[in-house]
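Chains, contacts and geometry: an overview
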Amino acid sequence: MESGRYIGIMSGTSLDGVDAVLVDFDHNQRASCIETFFSPFDNTLRSRLLALHHSGGDELNKAALISNQLSHQYARAVAILLERSALAPRNVIAIGCHGQTIRHCPEIDKSYTIQLVNAALLAELTEITVIADFRNRDIAAGGQGAPLVPAFHKAMFMDSNSRRTIINIGGIANLTYLDPKIPVSGFDCGPGNLLMDAWCLQHTGQSYDKNGQWAATGQVIPALLDSFISADYFACTPPKSTGRDLFNITWLRSHLQGHESPEDVQATLMQLTITSITQSIEQFYPATETVYVCGGGAHNFQMMRHLKNALSDKKLAVTDELGVQADWVEACAFAWLARQAILKQPGNIPSVTGAKGERILGAIYSA
Ligand SMILES: Nc1ncnc2c1ncn2[C@@H]1O[C@H](COP(=O)(O)OP(=O)(O)OP(=O)(O)O)[C@@H](O)[C@H]1O
Ligand SMILES: [Mg+2]
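Residues numbered from 1 in each chain as written. Chains lettered and ligands numbered in written order. Predicted model: local features only at pLDDT ≥ 70, side-chain atom pairs only at ≥ 80, totals over all residues. Heavy atoms only, no water.

1. Looking at the packing of helix H10 (residues 262–284) against helix H11 (residues 301–310)
When two helices pack together, their arrangement is given by the angle between the helix axes and by the axis-to-axis distance. Filter applied, for reference: Here the axes come from fitting lines to C-alpha atoms, over the contacting stretch only for helices, and the angles between their N-to-C directions go from 0 to 180 degrees. Comment: elements are numbered from the N terminus, with helices defined as DSSP H or I runs of at least four residues and strands as E runs of at least two. Working rule for handedness: look at the near helix, and if it is turned counterclockwise from the far one by less than a right angle, call the crossing left-handed; if clockwise, right-handed. By definition, residues are in contact when any of their heavy atoms lie within 4.5 Å. Only Asp, Glu, Lys and Arg are considered charged in this grouping, and only Ala, Val, Leu, Ile, Met, Phe, Trp, Tyr, Cys and Pro are considered nonpolar; every other residue, Gly among them, is considered polar.
Between H10 and H11, the least distance of the axes is 10 Å, while the angle of their chain directions is 35°. The interaxial crossing formed by H10 with H11 has right-handed handedness. Seen from H10, the contacting residues are Met-270, Thr-273, Ile-274, Ile-277 and Thr-278; seen from H11, they are Gln-302, Met-303, His-306, Leu-307 and Ala-310. Residues belonging to the contact of H10 with H11 are distributed by class as follows: six nonpolar, four polar and no charged.

The structure is reproduced here in structure tokens:
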């Protein structure tokens with residue numbers, strides 16, 4: 001396997017901003033993260049992206065213009081990575097850019113997914129080959145197109161002597177089970193941070209509940225938690241994937257009576273994330289020895305504390321202990337997926353997405 005540097009760019013369902021990483025892969029595909037950069041979305045961009053999650057007037061024009069705007073923001077992040085590492089565009093083999101999801105509808109026979117990015121513009125601006133549109137090939141092969149990160153988790157975190165579950169707590173929470181004796185599996189288990197973020201913004205004006213401090217002032221409402229967890233999505237067996245199309249503020253309001261205190265709702269939303277994760281592990285991966293968390297949710301001190309208690313017989317850790325910092329796993333995954341595309345290697349895992357076979361993912365926009 002060839003060695004070389006790749007850039008991964010991820011902007012996820014939380015709509016918090018752009019994670020960009022410069023990664024060096026050696027011949028054994030060991031990854032060293034050379035440089036990282038986070039570029040936050042401003043409130044205007046965030047609300048325009050949120051609006052594009054629903055049908056609305058002039059949406060094609062708006063989506064095209066936002067794709068261009070995002071590509072400029074992605075290109076600035078690339079420029080900063082190069083500047084900080086004193087590298088030139090020719091020193092990077094390719095950029096793997098996920099783009100910004102505005103729709104994800106993995107329904108049988110009418111499945112589609114849309115990630116906004118003008119990859120041609122990004123290649124032009126950076127003078128680096130760009131790989132984008134990673135999800136559609138898996139969908140065309142009958143898969144969900146998500147989650148895609150389990151293949152990277154397998155490449156980086158599989159251990160011949162242990163059974164590990166990796167949980168990414170981003171906007172949505174997804175998990176991957178790594179047991180050397182059986183095929184890798186994984187799925188989106190439900191909301192990660194996105195409902196907590198939306199509720200927090202509405203009631204406190206803050207875009208997220210730092211360290212879960214606000215949630216800690218409330219009490220879980222058992223009937224509300226039961227109502228959330230009785231939603232069909234949680235009972236569906238994998239393969240399954242989801243997004244803001246299902247878990248959004250309208251979904252949340254449909255479960256409320258109207259008299260709940262905001263901090264109790266926040267505590268219950270945090271518990272929903274914890275319960276959906278722990279139930280998924282108990283049901284599908286009970287042999288897990290250690291659960292490794294990545295994504296922004298790993299910083300939510302209160303949530304991690306409750307998760308640790310809920311997983312009583314298993315160890316809880318963060319992926320930093322496996323050599324990839326929790327904040328950068330997803331972006332590193334897209335650097336790795338770009339490498340897979342360049343090397344003409346598959347990027348999906350059919351036992352995860354439900355695709356009828358392994359596929360090379362992504363479209364190549366040459367420098
Ligand atoms: N200190 C913190 N306390 C509580 N929550 C935090 C903290 N830091 C980050 N977060 C949460 O993490 C979120 C960002 O996580 P992340 O970037 O992993 O999600 P994402 O953009 O949806 O990514 P992806 O789709 O790649 O998983 C924030 O919106 C916030 O909810
Ligand atoms: Mg993010």
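Once the structure has been displayed, the description carries forward.
2. Considering the UniProt feature "binding site: ATP" (unreviewed entry) in the protein chain
Keep this limit in mind: UniProt positions are given in the numbering used here, feature names are shortened, and annotations may be inferred rather than shown by experiment.
The UniProt feature table records "binding site: ATP" (unreviewed entry) at Gly-12, Thr-13, Ser-14, Leu-15, Asp-16, Gly-17, Val-18 and Asp-19. Note on placement: Ser-14 falls in the loop between strand E1 (4–10) and strand E2 (17–25). Dropping the residues within four chain positions of it, Ser-14 is found in contact with Gly-170, Gly-171, Asn-193, Asp-197 and Arg-244. With respect to the helices, strands and loops of the structure, Leu-15 is situated in the loop between E1 and E2. Not counting residues within four places of it along the chain, the set of residues in contact with Leu-15 comprises Phe-41, Arg-46, Leu-49, Leu-50, His-53, Gln-100 and Arg-244.

3. Points about the side chain of Ser-280
The condition that has to hold: For each residue, the accessible area found with a 1.4 Å probe, counting protein chains only, is set against the maximum for its type, and the residue is called buried under 20%, exposed over 50%, and partly exposed in between. We define a polar contact as two N or O atoms separated by no more than 3.5 Å, with the added condition that, inside protein, one atom must be a possible hydrogen donor and the other a possible acceptor, whereas residues neighbouring each other in sequence contribute only through side-chain atom pairs.
Looking at the secondary structure, you find Ser-280 in helix H10. Judged by relative accessible area, Ser-280 falls into the buried class, the value being 8%. Looking at Ser-280, its side chain comes within polar contact range of the main-chain oxygen of Ser-276, at 2.6 Å. If we ignore the near neighbours within four places in the chain, the residues touching Ser-280 are Leu-175, Phe-187, Cys-189 and Tyr-285.

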